[in-house]
Amino acid sequence: MTRVLITGVSRGIGEGLLRQYLARGHHVHAMGRSCPDWAVAYGSALRFIPCDMADPIALEAACDAVAEPLDSIIVSAADFGADAYLLEQIDPAAFARTFQINCISPAMLASKLKPKLELGEGRKIVFMSTGNASLSGNTQGAMLAYRTSKSALNQLMRNIAAEWGASGFTAVALNPGWVRTAMGGENAPLTVEEASAAIYGFCQFTLSPALNGRFCNTDGSELPW
Ligand SMILES: NC(=O)c1ccc[n+]([C@@H]2O[C@H](COP(=O)([O-])OP(=O)(O)OC[C@H]3O[C@@H](n4cnc5c(N)ncnc54)[C@H](OP(=O)(O)O)[C@@H]3O)[C@@H](O)[C@H]2O)c1
């Protein structure tokens with residue numbers, strides 16, 4: 001049984017991962033602004049911790065509410081930054097909010113929960129990244145706040161890998177593929193169930209210390225930085 005903390009459980013890929021882990025008998029600390037009603041049926045296997053990732057004080061309190069050891073953390077919550085999409089329409093507050101949710105809060109989460117991971121087994125930290133975080137892959141522009149904050153998330157992952165790798169931590173930036181969610185849109189080829197099953201398999205069976213510091217797909221193949 002894995003003791004996992006998942007963010008962004010209210011919908012999309014985070015909800016899909018919540019379903020994958022609960023259905024297989026794992027113990028889940030679920031963070032989000034809300035929790036899907038269906039999950040309540042899992043009783044004590046689920047611990048819902050309400051948290052707005054845009055609020056650092058709320059996040060600190062949410063991390064303090066994690067009482068047990070953790071084996072892995074999966075950060076799925078993210079903001080698409082629709083109000084800071086193009087250079088011509090920069091709203092500094094919206095830009096900063098996307099950075100808070102997509103990079104600064106994940107850094108706080110990892111830092112605050114490090115002691116819980118040290119008490120557990122595995123010490124895995126998985127950040128949901130995206131092909132749009134790739135610097136060399138950016139030939140189209142747009143998605144300004146989303147791209148820049150996710151590239152920063154990749155750099156955060158590299159800091160964790162470099163600083164904590166020798167202590168048995170494994171950190172990766174994972175591209176879930178193009179998934180049919182509110183963020184991915186209706187033309188995406190992967191369903192939430194398909195994507196979350198692949199992510200579950202990656203986190204539980206593929207992810208090992210040999211992958212520490214990688215920016216990769218769910219089959220373990222690497223993406224260009
Ligand atoms: N879908 C794709 O094709 C795709 C591709 C590449 C990468 N990704 C990545 O995969 C992850 C999941 O994306 P998705 O497609 O599942 O997106 P989604 O359906 O839009 O869901 C976004 C999730 O983030 C949560 N969230 C946003 N702002 C929050 C806040 N301030 N506090 C707490 N939670 C917040 C949402 O919660 P609320 O319900 O409370 O808003 C929701 O649970 C993201 O990191 C995304 O960048 C997705």
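Let me begin by describing the structure that accompanies this report. Computed from a predicted structure; not experimentally measured. (Residues numbered from 1 in each chain as written. Predicted model: local features only at pLDDT ≥ 70, side-chain atom pairs only at ≥ 80, totals over all residues. Heavy atoms only, no water.)

1. Digging into the site of the ligand
Link 1 in the chain: Looking at the ligand, there are 28 residues lining it, with Ser10, Arg11, Arg33, Tyr146 and Thr181 nearest.
Link 2 in the chain: At 2.8 Å from a nitrogen atom of the ligand is found a side-chain nitrogen or oxygen belonging to aspartate 52.
Link 3 in the chain: Contact distances for the ligand include 2.8 Å between an oxygen atom and a side-chain N or O atom of lysine 150.
Link 4 in the chain: When the ligand is considered free in solution it has 890 Å² of accessible area, and contact with the protein chains removes 92% of it. (Near = heavy atom within 4 Å. Polar contact = N/O pair within 3.5 Å; in protein donor to acceptor, adjacent residues only side chain to side chain. Areas by Shrake-Rupley, 256 points an atom, 1.4 Å probe, with all protein chains shown as cover.)

2. Side note on the sheet that holds strand 4 (residues 72–75)
Link 1 in the chain: The sheet built from seven strands is open, its strands ordered 3-2-1-4-5-6-7 with parallel pairing. Every other strand in the sheet has two partners, leaving strand 3 (46–50) and strand 7 (215–217) as the edge strands with one partner each. Between one strand axis and the next, the sheet turns through 20° on average, direction left out of account.
Link 2 in the chain: Examined bridge by bridge, strand 2 (residues 27–32) and strand 3 share five bridges and lie parallel to one another. Looking at the pairing, histidine 29 lines up with arginine 47 of strand 3.
Link 3 in the chain: Each of strand 1 (3–7), strand 2, strand 4 and strand 5 (124–128) is contacted by helix 3 (residues 92–119), which is oriented at about 165° to strand 4, the strand it contacts most. (Pairing = 2+ DSSP bridges. Helix = DSSP H or I, 4+ residues; strand = E, 2+ residues; numbered from the N terminus. Axes fitted to C-alpha atoms, helices over the stretch in contact; angles between N-to-C directions. Contact = heavy atoms within 4.5 Å.)

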